[in-house]
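Tertiary structure, described
Here is how the chains run, residue by residue.
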Amino acid sequence: GDGPTVLVDLVSDPSPDGSPAHLGFGDVLDGAASFGEVIQRGAGQRVHVITASDAPLVLEPAVRRERFAAVIEALVLTYDHVVIHADPFARGIIEALRGHADGFVLAVDRAGCGPEADAAYEALAARAGLPVVVVAVEGSYAPAPMARAASRLAEAA
């Protein structure tokens, strides 16, 4: 589409090189930062980015889920397209996103497109309640971690 897009990366490693902490999505969620402080806008880029915070995303208790919904809704009202990169096997993320999503994309490592990918798709589709598209990419997930994650999701479903 032609409208503005924001990518909310909830799984990025915000400071992989050990650089000082920076503000990210969780800081907006906690009220410690504004959107203006966390949205990364490159000159001439139509896609803006919000990275994860240094602390892990926690969606408990219920008030955290309500804040999460409010932050996502604010982005939906501001941008034509909101893309959220999240670990589908993280506790509570599917439920938190369901009311805001048109569907889910499950990215799997091309080398792992076997029973593990099938199990991950089945488990995600059972919980998502929305369309799930599987995309095979190079180097996204290793087959062994995917199998463990799929097992955890299947047990939770």
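Residues numbered from 1 in each chain as written. Predicted model: local features only at pLDDT ≥ 70, side-chain atom pairs only at ≥ 80, totals over all residues. Heavy atoms only, no water.

**So, the overall build of the protein**
A tally of helices and strands in the protein yields six helices and five strands. Going through the 157 residues of the protein one by one, you find that 34% of them count as buried. Once local pairs closer than 6 in sequence are excluded, the contacts in the protein between residues at least 24 apart make up 79%. For the protein, the accessible surface area stands at approximately 8700 Å², while carbon and sulfur atoms represent 55% of it. (Helix = DSSP H or I, 4+ residues; strand = E, 2+ residues; numbered from the N terminus. Buried < 20%, exposed > 50% of the residue type's maximum accessible area, 1.4 Å probe, protein only. Contact = heavy atoms within 4.5 Å. Areas by Shrake-Rupley, 256 points an atom, 1.4 Å probe, with all protein chains shown as cover.)

**Things to note about a nonpolar patch on the surface**
Side chains of Val105, Val133 and Val135 sit close together on the surface and give an oily, nonpolar patch of about 240 Å² of accessible area. In this fold, Val105 is placed in strand 4 (residues 104-109). Given a relative accessible area of 60%, Val105 falls into the exposed group. (Patch = residues over 30% accessible without salt bridge, like charges linked within 9 Å, V, L, I, M, F, W, Y side chains within 5 Å. Salt bridge = Lys/Arg side-chain N within 4 Å of Asp/Glu carboxyl O.)

**Points about the nonpolar core**
Within the largest apolar cluster, 30 residues are counted, with the highest numbers of intra-cluster contacts made by Val8, Leu10, Phe25, Ile50, Phe68, Leu75 and Ile93. Sorting the residues of this core by element identifies strand 1 (5-9), helix 1 (25-29), helix 3 (62-78), helix 4 (93-98), strand 4 and helix 5 (115-128) as the ones contributing at least two each. (Core = buried A, V, L, I, M, F, W, Y, C linked by side-chain atoms within 4.5 Å.)

**Digging into the environment of Phe25**
Inspection of the secondary structure puts Phe25 in helix 1. A relative accessible area of 2% places Phe25 in the buried class. C-alpha of Phe25 to C-alpha of Val71: the two residues are 46 residues apart in sequence and 9.0 Å apart in space. With near-sequence residues (within four places) excluded, Phe25 lies in contact with Val8, Leu10, Ile50, Thr51, Ala52, Ser53, Leu57, Phe68, Val71 and Ile72.

**Some thoughts on the sheet that holds strand 2 (residues 47-51)**
Two pairing modes exist for strands in a sheet, parallel and antiparallel, and in both the strands are linked by backbone hydrogen bonds. One open sheet accounts for three strands, arranged 2-1-3; its pairing is parallel. Edge strands, defined here as strands with exactly one partner in the open sheet, are strand 2 and strand 3 (81-85). Across the sheet, the mean angle separating the axes of adjacent strands is 20 degrees when strand polarity is ignored. As defined by bridge partners, strand 1 adjoins strand 3 across five bridges and the pair is classed as parallel. Counterpart to Val8 in the pairing with strand 3 is Ile84. (Pairing = 2+ DSSP bridges. Axes fitted to C-alpha atoms, helices over the stretch in contact; angles between N-to-C directions.)

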